[in-house]
Amino acid sequence: YGGMGLDFSYNIAVAEELGNIRCGGIPMAIGVQAGMTTSALTRFGSDELKKQFLIPTIAGDFVACLGISEAGAGSDVANIKTTAVKKGDEYVINGGKMWTTSGCQADWMCLLANTSEGPPHRNKSLICLPMNLPGVHVAKKIEKLGMRSSDTAQIFFEDVRVPTKNLIGEEGKGFTYQMLQFQEERLWGVATVLTPLETIIQETIDYTRQRKVFDQSVLHNQAVHFRLAELATEVELLRSLLYRTVALHVEGNDVTKFASMAKLKAGRLAREVTDSCLQFWGGMGFTSEVLVSRFYRDLRLMSIGGGTDEIMLSIICKYMETLPTK
């Protein structure tokens, strides 16, 4: 379908390299396009759907977005309210999606909707939804604290009719498909923060070395260079956890616990590194002229998007409870 047929470790290599871009919004948009919107379609979609949506998305001719979160259901995916009711050979879709990356410019959406009245984990389906259909309303582009180069939309659906052949895989399996995708999304997110964190630490070293306070460089203070050494160590530990998790994933193992741990650590470390380094920049750190202030805003999303820290902790706890007692 136009891809190179490589395993997931190559996605992570790309994600880590994209961290050299000096903002968070562009790597995030590429991640949504390259993996998050297309994961279930690649695994479970029909050949016809792949030709219609996957090929032009891989080629860059289509922009894709992911329709999961709603105003009342962010990390709580099971609580979404958008419905897709089957009428003949069509689904009639009503509801709305929130915080949709690339939603203002997308050509199609990978939409999660309730297709039956059954249990919340077995009544959802993923549907390829062209964004130019009647009844699709892009309400607004959302103004955000960070990721300001990223297009984030609020979208409503009013009696939108989509052919039933646009269903990805089996009806009622959408929640399961989405959970599989979330693990790769979280690992991609971890990989994209590694290089920015390294960059921020190095730029802070360079700045504090030349910035003088009381006739000596700020870096000359033991508290400063010890703190930077500690943060650099934490980044390397996160990298090791990521690489181990990716290797296990490529081998076909369930990495839900490790992916959740890595996502949790990445979100917290992104906050810790950017906050600590910004402090060492003093008043300059509070301006929009330096990279550390941008990443202080952009990387704050890591603890929220793709599942909050609290959701990661809940997942980790569940997996710990399954461990045998000695």
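Residues numbered from 1 in each chain as written. Predicted model: local features only at pLDDT ≥ 70, side-chain atom pairs only at ≥ 80, totals over all residues. Heavy atoms only, no water.

A few words on the packing of helix α5 (residues 174–210) against helix α8 (residues 291–298). Following both chains from N to C, one finds α5 and α8 inclined at 145°, their axes separated by 10 Å at the closest point. For the crossing formed where α5 meets α8, the hand is left-handed. Here α5 contributes Pro 196, Thr 199, Ile 200 and Glu 203 to the contact with α8, which in turn contributes Leu 291, Val 292 and Phe 295. When grouped by side-chain class, the residues that make up the contact of α5 with α8 number five nonpolar, one polar and one charged. (Axes fitted to C-alpha atoms, helices over the stretch in contact; angles between N-to-C directions. Helix = DSSP H or I, 4+ residues; strand = E, 2+ residues; numbered from the N terminus. Left-handed = near helix turned anticlockwise from the far one by under 90°. Contact = heavy atoms within 4.5 Å. Nonpolar A, V, L, I, M, F, W, Y, C, P; charged D, E, K, R; others polar.)

With that settled, the discussion passes to the packing of aromatic side chains. One pass over the full model with this rule turns up three aromatic pairs. Each ring, one from Phe 53 and one from Trp 108, has its centre 5.1 Å from the other, and the planes form 50°; the classification is tilted. Separated by 55 residues along the polypeptide, Phe 53 in helix α4 (residues 47–59) and Trp 108 in strand β4 (residues 108–114) bring together distant segments of the chain. Neither Phe 53 nor Trp 108 differs from the other in exposure class; each is buried. Note on Tyr 207 and Trp 281: the rings are 4.1 Å apart at their centroids and 5° apart in plane angle, and the pair reads as stacked. Taken as a pair, Tyr 207 in helix α5 and Trp 281 in the loop between α7 (256–280) and α8 lie far apart in primary sequence, 74 residues in all. With respect to class, Tyr 207 is no different from Trp 281; both count as buried. (Phe/Tyr/Trp six-rings, centres within 6.5 Å; stacked < 30°, edge-to-face > 60°. Buried < 20%, exposed > 50% of the residue type's maximum accessible area, 1.4 Å probe, protein only.)

UniProt's feature table lists "domain: Acyl-CoA oxidase/dehydrogenase middle" (unreviewed entry) at residues 65–160, given in the numbering used throughout. Structurally, residues 65–160 comprises 0% helix and 51% strand, and the distance from its first C-alpha atom to its last is 17 Å. (UniProt positions renumbered as here; feature names shortened; annotations may be inferred.)

This part covers the pairing of strand β3 (residues 90–101). Here five bridges tie strand β2 (residues 83–87) to β3, and the two strands are oriented antiparallel to one another. Following the sheet pairing, Lys 87 is matched in β3 by Glu 90. Here β2 folds back onto β3 in antiparallel fashion, the turn holding two residues, of which Gly 88 has a positive phi close to 70°. Pairing geometry for β3 and strand β7 (residues 152–163), over nine bridges, is antiparallel. Bridge pairing links Tyr 91 to Val 162 in β7. (Pairing = 2+ DSSP bridges.)

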